[in-house]
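An overview of the molecular structure
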Amino acid sequence: LTTTSPTSPAPAVTTTTADFDVVILGGGVNGCGIARDCARRGLKVALVEKNDLAKGASGANTGMIHGGIRYLFYDVKTTKMSCTDSGYIQRIAPHLLFRVPFLVPLLRSPDGATLAERLYLAGAEIFFEAYDVYQPLKRGKPHTRLTADEALALEPGLSPHILGAVTMDEWGIDPFRLTVENAVDAVEHGAVVLTWHELVAFVKEGDRVVGVDVVDHLGGARRRLRAPLIINATGAWGPRVAAMAGGGFQLRPGKGVHIVYSHRISNYGISLTGVDGRQMFLMPHENGSIVGTTDDDYYGDLDHPRATEDEVKYILQAARAFFPSIDRYRMSRTYVGVRPTLWAWSENEDRLSREHAFYDHAAQGVPGLISVAGGKLAAYRQLAEEVSNELARRLGNRAPCTTHTAPLPGAAGPIDVDRWSQRWPAKHRLAIARMAYRHGARSLPLLRRADDDPREACATCVCEPVSEAEIRGTIRTEVVRRLVDVRRRTRQSMGACGGTRCLLRTSQLWQQETSASPASQLIELRGAMTARFVGKAPVLEGANLATEELNQAMHFLGGNLAPFLRAAAVALDDDGRGVSRHAPADAPATRALPARQPALVEPSPLPEDRP
Amino acid sequence: VTDVAFAEVPAAVDVLVVGGGVAGLLAALRARRDGCAVLVVARAGGGTPSWSGAVDVADDRVDVTPAPGGTGGRDALDRGGPLAAGVARMVERLPRHPYARAGAVDDVAADVDASLRFLQEATAELGWVRRPDGHNHVLATAAGTVKRAALVPASQHLDVAALPDDAIVGVVEWRDLAGFNAAPVAAMLQWVGGLSTRGLRTVPVPVPRVFAATSVFPTTTAFARHLDLADHRARAAAALRGVVTALPVRPTHLLTPPAWSRAPLDAAAVAALDEAVGVPTRELLGLPPSVPGGRLVASLRRACAAAGVVVVDGVVAGIDGGGHPAATSPRAGRRALATLHVAGAPRTVAAGAVVLAGGRFLGGGIVREHVAREPLFGLPVFVEGEELGDRFVGGLVADTVDGAHPLFRAGLLVDAALRPLGADRHPPFAHVFAAGAIVGGWDPARDGGAMGTSVWMGVRAGAAAAAEAR
């Protein structure tokens, strides 16, 4: 096996059987974080992901490297760990972070604040004082108490029925970029990252798991990856995967829905309280605003979770109570993820621990397989370090962890938007600024593409915006195999028009870059459009419905694509949702969970001597 | 484009048309032909400016069969038979389609045919081409697919089903134009067009920058505006000629992005361009925002101006009596009183009949903000025969984007005369008609024949409104 570059559109394994030190199942932020950590220690790493990187909860969260203030009441450990690691992530990926100042408004009764409400505001302040203790860990500012007038001056869309507000300082991040940059760094340190490869079966010698058989969804090739240790970091899919090896553990998977608005509708992040007392956020995120999230036990289809009518109404109800002007703005889509929350009996969804845990299935008689459960975006690096420490110990590797100091790829070099804007046409400054946010120092080779063909400097996705150069570049260098993968790396089609203007065009660029057949281009277009459509469907109201009508006209009236998409689907046996078209018919069914819970591997403590 | 001064808005007309797309403008022209005084209120945008250029009438979307190995759509070059047969198949397949609600199939087909002739006459400057046998053309789109259509302007008339077997079709890529690469379009056309199965070839024809000093990499719309300046079109044609002449294998036909001109190109203008390039050169069907769509709207508005139809850019803010059954008073006393906003100022207009042609969601003829409504008369919006109301939109769409979505068939329910129906399935107003995408029961994007359906409804509603108003 040789080291491969992430530029290869084809899978990077050159033989049908390959030996590794560790095989990681799952291309979420945890799996990619573990891959990066292990690869940087010199271990031979393979990562297998059945879909794209950050497809699940890693990409469907609130996009915050926050300190977990929500958990302060009942889970202080998670709050402290989150704040500490938020500080590390700021150091290794400064280009991906953006400050989100929050207002936490407190509603009062319409006839005037009651004593209880005044006491609540005082209590809230004590609560935020407690949180201030952790803020310096993540370069956060302490809270400020605002009168109602001050809060309304800062955020005119707020309900006038507020008693006051408290500020809270947090950090936003592009979770897709965070995951992808971890994967790219892993690949550049020798890891093999196989996206669109699904686990078919574990390879066993006796009871011991010694490898995995995987199948490539694009082409159907099967590969055997052997390793003494297999890490199951498949998020909410974890129990199913463990069961395939004869092990098991339980989760309390929780479905989380967000609604996206077409542009930024508030100046600040706003903390909301739902009808049931749950905390939610309305916050600026990238070029839009998001509001959410829900948290409900979920046992449905993990591969295709959908926002329901009740969930949309529940979120809007909370948002209206605090920010009544929200109905003036245009919802552009929803997104849904399933949290791999740790299992507990008799706890409300909201109160479930956001800590992570590791299960060594050796205790169940299945040595060689370790499952990762729980966790949260802000603590991914910490989780990866703990897992990698354990792997390194078992494999006799003594290299230290470097993931808290070594910059992610985009942070390794200067970022100078002003100079770049002068060097390349000024009218593309916004595109350059957004590219620099996403790719950091690695924007430079993308910008240089426009020297060869100036047309590549033009925006393909106008909403975000994303230039043709960025799209072509990401296809070549960031583990892109399918058209939908481009979206998660560039935010192409994530903006206000939902791909109306750019998806056909991007499919043509993808076809050119990968030399795919026209039929494949149509399949990819169908999958990428459907991925957008299912997110939009629950909120096709007002201007969003009008935009979708134009989207339908663009592709099916003007482009007359429908009969040809169907023909391509028939030709290539695609189900239209971009999944499993080459999955083997004989894939083993998920086995029932074993009655016995496996032993918990205690997480190794975080070294205290780090700044 | 006509700019009507505020003072020219009449205080009373026979027919008020709400909507300045193809259905509304044709309704106005048709009512005017019967001698009516007609006012059109056109809001910006809508579906017609996104029009591809061709008029599909009864493209009943026979599914394309992939050839073995996934290398071509074998049925893509099928013309689908004569117009009347296509209309009959649509009526059979789509029982809620407006064609199916308008009477006997043969009568509807004849009426559709007449409406196409009406369009051809009204906008003759576009140089419409219709096959003598009445069958469809098979035309290439800018996406690289093919589309069946009965009528096509001269500048877009390249019937790929009529090409000789030794044809070599060049797809032109202007380096002055951003966002269009010929190679993937040519490859797609070869595959989906089933051209490979006949041995035809497509080749990309990149043209180096012609306007290096002035170009800012425009869209098709801006590129068309650019070509309209001075001698730019001649320079572009000469550059294209130079490229084609130097190619080792010379294309027999050229397809270019639909950006030759913002002004109409009649048969003589197209012949002159062919002469300049040296190879027959036609425009691909457009995608939104589309230059051919702009050409059609402009052409129809010129026809309106010539015929004496007043077209104003504005918004109908409300119609007196809208939503009140009392407005269905006997003929003599009945007048709709519409409040318009033109150039920001309110104006009241009395009308004997109203044609609602404001489009669906995009045009604003139907509004859905958690509850669906027709904003002017408060008419109910139907989907699959039931009122849409506040039903959850997420439950009215298919799982995949190209599936059949009931939501995009929502709209007004109409009787055979195109009068919209109330909740009791009867028309509450004798003097109100609807045409175009505001009428439900069909999905313009999916059912095929969208432009023809709107043309037909527009002409039909205009005739009905004229009869009612006078």
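Here the structure is shown first, and the text comes after it.
Nothing here was measured: the structure is a model prediction, and the numbers come from that model.

Assigned secondary structure in chain A consists of 17 helices and 22 strands. Buried positions account for 66% of the 611 residues belonging to chain A. Within chain A, counting contacts between residues at least 6 apart in sequence, those at least 24 apart form 73% of the total. Summed over its atoms, the accessible surface of chain A is roughly 21200 Å², and 54% of this surface lies on carbon and sulfur atoms.

On to the sheet that holds strand 8 (residues 197–205) of chain A, then. Residues and elements named next belong to chain A. Spatially, the 4 strands line up as an open sheet ordered 1-10-9-8, and their pairing is mixed. The open sheet has two free edges, formed respectively by strand 1 (17–19) and strand 8, since each of these has just one partner strand. If you compare each strand with its neighbour and ignore which way they point, the axes differ by 25 degrees on average. Bridge count between strand 9 (residues 208–216) and strand 10 (residues 222–226): 5 bridges; the pairing is antiparallel. Its bridge partner being in strand 10, Val-215 is matched across the sheet by Arg-222.

Turning our attention to the pattern of salt bridges. Inspection of every chain in the model, using the stated rule, returns 62 salt bridges over all chains. For Arg-339 of chain A, the salt bridge is made with Asp-295 of chain A, and the minimal N-O distance between the two is 3.2 Å. Note that Arg-339 of chain A is positioned in strand 17 (residues 331–339) and Asp-295 of chain A in the loop between strand 15 (288–292) and strand 16 (296–297), a separation of 44 residues in sequence. For Glu-468 of chain B, the salt bridge is made with Arg-419 of chain B, and the minimal N-O distance between the two is 3.2 Å. Remark: Arg-419 of chain B occurs in the loop between strand 17 (386–387) and strand 18 (432–434) and Glu-468 of chain B occurs in helix 9 (residues 450–469); sequence separation between them is 49 residues. Overlapping salt bridges, with partners in common, bring together Arg-449, Glu-456, Glu-468, Arg-472, Arg-476, Arg-505 and Glu-513 of chain A in one network.

Time to look at the interface of chain A and chain B. Facing the 60 residues of chain A at the interface are 58 residues of chain B. When chain A packs against chain B, close to 4900 Å² is buried across both sides, 65% of that on carbon and sulfur atoms. If you sort the residues of chain A by the area they bury against chain B, Arg-455, Glu-549 and Phe-564 of chain A come out on top, with a joint share of 15%. Between chain A and chain B we count 4 salt bridges in total. Residue Arg-368 of chain B pairs with Glu-541 of chain A through a salt bridge whose shortest N-O separation is 2.7 Å. The interface formed by chain A and chain B includes 18 residue pairs in polar contact (both at pLDDT 80 or more).

Rules used in this analysis
- Residues numbered from 1 in each chain as written.
- Chains lettered and ligands numbered in written order.
- Predicted model: local features only at pLDDT ≥ 70, side-chain atom pairs only at ≥ 80, totals over all residues.
- Heavy atoms only, no water.
- Helix = DSSP H or I, 4+ residues; strand = E, 2+ residues; numbered from the N terminus.
- Buried < 20%, exposed > 50% of the residue type's maximum accessible area, 1.4 Å probe, protein only.
- Contact = heavy atoms within 4.5 Å.
- Areas by Shrake-Rupley, 256 points an atom, 1.4 Å probe, with all protein chains shown as cover.
- Pairing = 2+ DSSP bridges.
- Axes fitted to C-alpha atoms, helices over the stretch in contact; angles between N-to-C directions.
- Salt bridge = Lys/Arg side-chain N within 4 Å of Asp/Glu carboxyl O.
- Buried area = accessible area lost by both parts, 1.4 Å probe.
- Polar contact = N/O pair within 3.5 Å; in protein donor to acceptor, adjacent residues only side chain to side chain.

Purely spatial values, then, with no claim about function.
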